[in-house]
Amino acid sequence: MSAPDPRPLTGEPVSLDLLNTRWTHDGERQDLLASADGLTVWLASTGLDARFPADRAALGPLLRARDALLRAVEHPGESAAAADLDAILEHGRIRATLSAEGPGERAEFADPAWGPAWTAARDYLDLLRTAPDRIRACAHDACTLHFFDTSRNGTRRWCSMAACGNRAKASRHYARTRES
């Protein structure tokens, strides 16, 4: 059993969840993937631990994928960001399969250490196919978290209404009361 996940936002699609392995707490930068123990926590929280062992060799590719994903999210359509992500995707492929349940797919990797990184990059492509306009960064200035907006009308602005949304409301209220 791995340690509890200390991050303020979990449960996002794998690609955005990987981005959320860096966050700010009390003004200090945190990085879940600063250690192999953090890799174990992340794999367990995303459910990837059933497919990939928490092998220290996977940490380098995962950090590289996180940087590539951040560039792709922050600079959509930029050719350099796309090239960085493509370089991650070069390490795996999808093999078509047929089983008793019918047609399927299976990911294959020449080097299994690239499995988690490739899976996160592939997930980002799936999000782009689904609803690229719903991939968002939290609107709070001090927050570095990302989320996939699943709200009905697509207007979610905060990673968490209880945290960042509430801070923004409190800040606006304080500014109004200070002016009067």
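One can find the structure itself at the top, above this paragraph.
Everything in this summary refers to the structure shown in the same document. Everything numeric here is computed off the predicted structure, so don't read it as measured data.

**Concerning the packing of helix 3 (residues 59–74) against helix 4 (residues 79–89)**
- With their axes 8 Å apart at the nearest point, helix 3 and helix 4 run at an angle of 150 degrees to one another. Here helix 3 lies roughly antiparallel to helix 4, going by the angle between them. Considering the relative orientation of helix 3 and helix 4, their crossing is left-handed. Contacts between helix 3 and helix 4 pair Arg64, Ala65, Ala68, Leu69, Arg71 and Ala72 from the former with Ala81, Asp84, Leu85, Ala87 and Ile88 from the latter.
- Per-class residue counts for the contact of helix 3 with helix 4 are 8 nonpolar, no polar and 3 charged.

**Observations regarding the pairing of strand 2 (residues 28–31)**
- Direction of pairing for strand 1 (residues 22–25) relative to strand 2: antiparallel, over a ladder of 4 bridges. Paired with His25 across the bridge in strand 2 is Glu28.
- Where strand 1 folds back on strand 2, the antiparallel hairpin that results is connected by 2 residues, among which Asp26 adopts a positive phi of roughly 50 degrees.

**Section: the nonpolar core**
- If you look at the biggest cluster of nonpolar residues, it comprises 42 residues, and the most contacted ones within it are Leu18, Trp42 and Cys159.
- Of all the secondary structure elements, the ones that give two or more residues to this core are helix 1 (14–19), helix 2 (36–46), helix 3, helix 4, helix 5 (115–130) and strand 6 (146–148).
- For this core, the element with the highest residue contribution is helix 3, accounting for 7 residues.
- Contacts of Trp42, omitting those with residues within four sequence positions, involve Arg7, Val14, Asp17, Leu18, Thr21, Leu32, Leu33, Leu48, Leu62 and Pro116.

**Examining the packing of aromatic side chains**
- Evaluated as defined, the whole model comprises 2 aromatic pairs.
- Considering the side-chain rings of Phe109 and Trp118, the 5.3 Å spacing of their centres and the 75 degrees angle between planes classify their relative orientation as edge-to-face.
- You can call Trp118 buried: its relative accessible area is 5%.

**Overview of the pattern of salt bridges**
- A complete count under the given rule lists 11 salt bridges for this structure.
- A salt bridge links Asp31 to Arg66; the shortest N-O distance between them is 2.8 Å. On the criterion of sequence distance, the pair formed by Asp31 in strand 2 and Arg66 in helix 3 is long-range, its members being 35 residues apart.
- The partner of Arg93 in a salt bridge is Glu108, with the nearest N and O atoms 2.8 Å apart. With Arg93 in strand 3 (residues 92–99) and Glu108 in strand 4 (residues 102–109), the pair connects residues that are 15 residues apart, well separated along the chain.
- Given the relative accessible area of 45%, Arg93 is considered partly exposed.

Calculation criteria
- Residues numbered from 1 in each chain as written.
- Predicted model: local features only at pLDDT ≥ 70, side-chain atom pairs only at ≥ 80, totals over all residues.
- Heavy atoms only, no water.
- Axes fitted to C-alpha atoms, helices over the stretch in contact; angles between N-to-C directions.
- Helix = DSSP H or I, 4+ residues; strand = E, 2+ residues; numbered from the N terminus.
- Parallel < 35°, antiparallel > 145°, perpendicular 65-115°, else oblique.
- Left-handed = near helix turned anticlockwise from the far one by under 90°.
- Contact = heavy atoms within 4.5 Å.
- Nonpolar A, V, L, I, M, F, W, Y, C, P; charged D, E, K, R; others polar.
- Pairing = 2+ DSSP bridges.
- Core = buried A, V, L, I, M, F, W, Y, C linked by side-chain atoms within 4.5 Å.
- Buried < 20%, exposed > 50% of the residue type's maximum accessible area, 1.4 Å probe, protein only.
- Phe/Tyr/Trp six-rings, centres within 6.5 Å; stacked < 30°, edge-to-face > 60°.
- Salt bridge = Lys/Arg side-chain N within 4 Å of Asp/Glu carboxyl O.

These figures capture arrangement, not role.
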